[in-house]
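# Summary of structural features
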Amino acid sequence: MKRIAIFASGSGSNFEAIVEATLKGNLGCEVVLLFTDKKDAYVLERAKKFNIPAVARSIKDFLNKEAFERSILSVLKQEKIDFIVLAGYMRLIGPTILHKYTGKIVNIHPSLLPSFPGKDAIQQAMEKGVKITGVTIHYVDQGMDTGPIIAQKAVEITEEDTYETLKEKIQAIEHYLYPETLKILFREDEKSGEEARIK
Ligand code: GRF
């Protein structure tokens, strides 16, 4: 059973979907921590509802990003976190955390990467007039939404779509694709661990 921390900065609908999935089915992980960099993020309310310990720290209270990330790392160590799941975390993960969690951080992005990385991906897709966009789940590296892709799902943009309806369609996919992908990921991780033990 992996001990995961979810990092989020906003509403936390993906946080809630993952927590609910862990409570319902065997995802091979337990959400043991919420970390947020926004002290007033709505995701904190959701964590409270599920009794999940939450830590909220603003980068402004630290000397620099390295100090900020070192303070997060000490919480992750204390909670014995195996894996970090980014769900609407609006900050690039820096080398301090990346080095300790290489290959152990995943992110969800509301477009078919490599199209429309960065902020406002849904808006970017609408403005470009593409007919298909979607959702991507990928490993996190030092770049902005550039790590190896794990899963993708396409969403059609119709003539009738507005920003709001498209966002709804994308989030409906995110809420099942993220838990489903984590389940496969942790199952494979478990298997490769077993194989390594047998060898
Ligand atoms: C999601 O659309 C996700 O793809 C993006 O940020 C949004 C977070 O939404 N990275 P929520 O906070 O989980 O509701």
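Residues numbered from 1 in each chain as written. Predicted model: local features only at pLDDT ≥ 70, side-chain atom pairs only at ≥ 80, totals over all residues. Heavy atoms only, no water.

## A few points about the overall build of the protein chain
Short version of the rule: In this text, helices come from DSSP runs of H or I with a minimum length of four residues, and strands from runs of E with a minimum of two, each type numbered from the N-terminal end. Values of the radius of gyration come from C-alpha atoms, whereas the globule rule sets the reference at 2.2 Å times the count of residues to the power 0.38. Buried means the residue's accessible area, taken with a 1.4 Å probe over protein chains only, is under 20% of the maximum for its type, while exposed means over 50%, and partly exposed covers the values in between.
Along its length, the protein chain carries 6 helices and 7 strands. Secondary structure elements in the protein chain, listed N-terminal to C-terminal, are β-α-β-α-β-α-β-α-β-α-β-β-α. Taking 16 Å as the expected radius of gyration for a compact globule of 199 residues, we find that the protein chain reaches 17 Å, a close match to that expectation. Its C-alpha atoms put the protein chain at 50 × 45 × 35 Å along the principal axes. A burial count over the protein chain gives 47% of its 199 residues as buried.

## Notes on the nonpolar core
Here is the rule we go by: Here the nonpolar core consists of buried residues drawn from Ala, Val, Leu, Ile, Met, Phe, Trp, Tyr and Cys, with membership extended through side-chain atoms lying within 4.5 Å. Whether two residues touch is decided by their heavy atoms; if any such pair falls within 4.5 Å, the residues are in contact.
Of all hydrophobic cores here, the largest spans 39 residues; its most connected members are I4, F15, V85 and Y178. A total of 8 residues in this core trace back to one element, the largest contributor, which is helix α6 (residues 163-198). Discounting residues that sit within four places of it in the chain, V85 has contacts with I4, A5, I6, F7, I18, V106, Y178 and L182. Ranked by size, the runner-up nonpolar core spans 22 residues in total, among them L73, I81, L86 and I105.

## Details of the layout of surface pockets
As a reminder, the rule being used: Grid points spaced at 1 Å over the protein atoms alone were grouped into cavities, where a 1.4 Å probe fits but cannot get out, and pockets, open sets with protein on both sides within 12 Å along at least five of seven lines, with lining residues defined by an atom within 4 Å of a point. Grid points are joined across faces, edges and corners, and a volume is the space filled by probe spheres set on the points. Each residue is assigned to one of three groups, with Ala, Val, Leu, Ile, Met, Phe, Trp, Tyr, Cys and Pro labelled nonpolar, Asp, Glu, Lys and Arg labelled charged, and all others, Gly among them, labelled polar.
The volume enclosed by the largest pocket comes to roughly 900 Å³. Lining the largest pocket are 36 residues; nearest its centre among them are G88, Y89, M90, I108 and P110. If you list the elements that add at least two residues to the lining of the largest pocket, you get α1 (13-24), β5 (105-109), α5 (121-128) and α6. Residue contributions to the lining of the largest pocket peak at 5 residues, all from α6. When its residues are assigned to classes, the lining of the largest pocket shows 16 nonpolar, 13 polar and 7 charged.

## Here's the deal with the side chain of S9
Here is the rule we go by: Polar contact is the term for a pair of N or O atoms within 3.5 Å; when the atoms are in protein, one must be able to donate a hydrogen and the other to accept it, and sequence-neighboring residues count only if both atoms are side-chain atoms.
Mapped onto the elements of the fold, S9 is located in the loop between β1 (2-8) and α1. Judged by relative accessible area, S9 falls into the buried class, the value being 8%. Among the polar contacts listed, one links the side chain of S9 to the side chain of D37, at a separation of 2.7 Å. In this structure S9 touches T36, D37, K38, A41, A87, G88, Y89 and M90, once residues within four positions along its chain are discounted.

## Quick word on helix α3 (residues 65-78)
What counts is decided by this rule: Every helix has an expected span of 1.5 Å times one less than the residues it contains.
With 14 residues, α3 should reach 20 Å at 1.5 Å per residue; the first-to-last C-alpha distance of 20 Å fits that figure. For α3, the N-terminal capping position is held by N64, with its side-chain oxygen 3.3 Å away from the main-chain nitrogen of E66. Just downstream of α3, K80 is the residue with a positive phi angle, here 50°.

## A word on the packing of aromatic side chains
As a reminder of what qualifies: Between the rings of Phe, Tyr and Trp (Trp by its six-membered ring), a pair exists once the centres lie within 6.5 Å; its type follows the angle of the planes, with under 30 degrees stacked, over 60 edge-to-face, and the other angles tilted.
Across all of its chains, the model carries 6 aromatic pairs by this definition. Arranged with centres 5.6 Å apart and planes meeting at 65°, the rings of F62 and F68 form a pair that is edge-to-face. Given a relative accessible area of 25%, F62 falls into the partly exposed group. F68 gets classed as buried once you look at its relative accessible area, which sits at 1%. Ring plane angle 90° and centroid distance 5.0 Å describe the contact between F83 and F186, whose orientation is recorded as edge-to-face. Taken together, the residues F83 in strand β4 (residues 83-86) and F186 in helix α6 connect sequence positions 103 residues apart. Exposure remark for F83: the relative accessible area of 3% places this residue in the buried category. Ring-pair connections join several aromatic residues into one group, and the members of that group are F7, F35, F62, F68 and Y89.

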